[in-house]
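# Secondary and tertiary structure notes
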Amino acid sequence: MAALIAKQESIEPGCRAGCGACCIAPSISSAIPGMPGGKPAGVRCVQLDDDNLCRLFGDPRRPAVCARFVFDHDVCGERRDQALATLAWLEAST
């Protein structure tokens, strides 16, 4: 698992491995393996494992919207709960 965390951190600087807020708070309209209709806001993606790591990270089946999301301190804050709150607010505002 440490190698996976290091891999995710090296690709998305600043991202907190194990946060998973971006895999829970926003809705995703594109198909996800295991969720062919996408997912509604606030629903945990089926590809988020027990350690809150994306099972599709680095996999070509990962939805483009997920691959384009990058850590932004203004969105993700200092803690997971801040990221969840901000992403939920953004989702509700759009």
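### Quick notes on the overall build of the protein
For the protein, the helix and strand inventory stands at four helices and zero strands. In sequence order, the secondary structure elements of the protein are arranged as α-α-α-α. The buried share among the 94 residues of the protein stands at 33%. Here the contacts in the protein between residues at least 6 apart in sequence split such that 46% fall between residues at least 24 apart. With an accessible surface of roughly 5,500 Å², the protein has 59% of that area assigned to carbon and sulfur atoms.

### Some points on unusual backbone geometry
The phi angle at Asn52 is positive, at roughly 60°, despite the residue not being glycine. Residue placement: Asn52 occurs in the loop between helix 1 (2–11) and helix 2 (64–68). On the basis of relative accessible area, Asn52 is assigned to the buried category, the value being 16%.

### Focus on the environment of Glu91
By secondary structure assignment, the location of Glu91 is in helix 4 (residues 80–93). Counting along the chain gives 65 residues from Glu91 to Pro26, while the straight-line C-alpha distance between them is 5.7 Å. Those residues in contact with Glu91 that sit more than four places away from it in its chain are Ala25, Pro26, Ser27 and Ala41. Within the structure, Glu91 has its side chain in polar contact with the side chain of Ser27 (distance 2.7 Å).

### Section: the nonpolar core
If you look at the biggest cluster of nonpolar residues, it comprises eleven residues: Cys23, Ile24, Ile28, Ile32, Met35, Cys45, Leu48, Cys54, Leu56, Phe57 and Cys66. In contact with Cys23, not counting residues within four places along its chain, are Lys39, Val43, Arg44, Cys45 and Leu48.

### Let's talk about the confidence of the model for the protein
Looking at the protein, the pLDDT average stands at 87 and 86% of residues meet or exceed 70. Low pLDDT (under 50) marks residues 1–11, which in the prediction has twelve contacts with non-local residues, meaning those over four places away or in another chain.

### Here's the deal with the side chain of Arg62
As for its placement among the helices and strands, Arg62 is situated in the loop between helix 1 and helix 2. Here Cys66 takes part through its backbone oxygen, which lies 3.4 Å from a polar atom of the side chain of Arg62.

### Quick notes on the pattern of salt bridges
For the structure shown, the criterion picks out two salt bridges. The closest approach of N and O atoms between Asp59 and Arg61, which form a salt bridge, is 3.0 Å. Linking Arg79 and Asp81 is a salt bridge whose minimum nitrogen-to-oxygen distance equals 3.0 Å. Given a relative accessible area of 44%, Arg79 falls into the partly exposed group.

Definitions and limits used
- Along each chain, residues carry numbers from 1 onward, in the same order as the chain's sequence is written.
- Under the rules for a predicted model, residues below a pLDDT of 70 receive no local features and side-chain atom pairs below 80 are neither given nor counted, while totals for whole chains, interfaces and linings still include all residues.
- For side-chain calculations, the full set of non-hydrogen atoms in the structure is used, while hydrogens and water are omitted.
- Labels follow the DSSP assignment, with helices taken as runs of H or I lasting at least four residues and strands as runs of E lasting at least two, numbered in each case from the N terminus.
- Three labels apply to residues, based on accessible area from a 1.4 Å probe with only protein chains included: buried if under 20% of the type maximum, exposed if over 50%, partly exposed otherwise in between.
- Pairs of residues are marked as contacts when any of their non-hydrogen atoms sit within 4.5 Å.
- Accessibility throughout is a Shrake-Rupley quantity obtained with a 1.4 Å probe, and a residue counts as covered only by protein chains that appear here.
- Whenever a nitrogen or oxygen atom comes within 3.5 Å of another N or O atom, the pair is scored as a polar contact, on the condition that within protein one atom can donate a hydrogen and the other can accept it, and that pairs from neighbouring residues in sequence are kept only if both atoms are in side chains.
- Nonpolar cores were defined as sets of buried Ala, Val, Leu, Ile, Met, Phe, Trp, Tyr and Cys residues, with membership established by side-chain atoms within 4.5 Å.
- Residue-level confidence of the predictor is summarised by pLDDT, bounded by 0 at the bottom and 100 at the top.
- Note on definitions: salt bridges are taken to be side-chain nitrogens of Lys or Arg within 4 Å of carboxyl oxygens of Asp or Glu.

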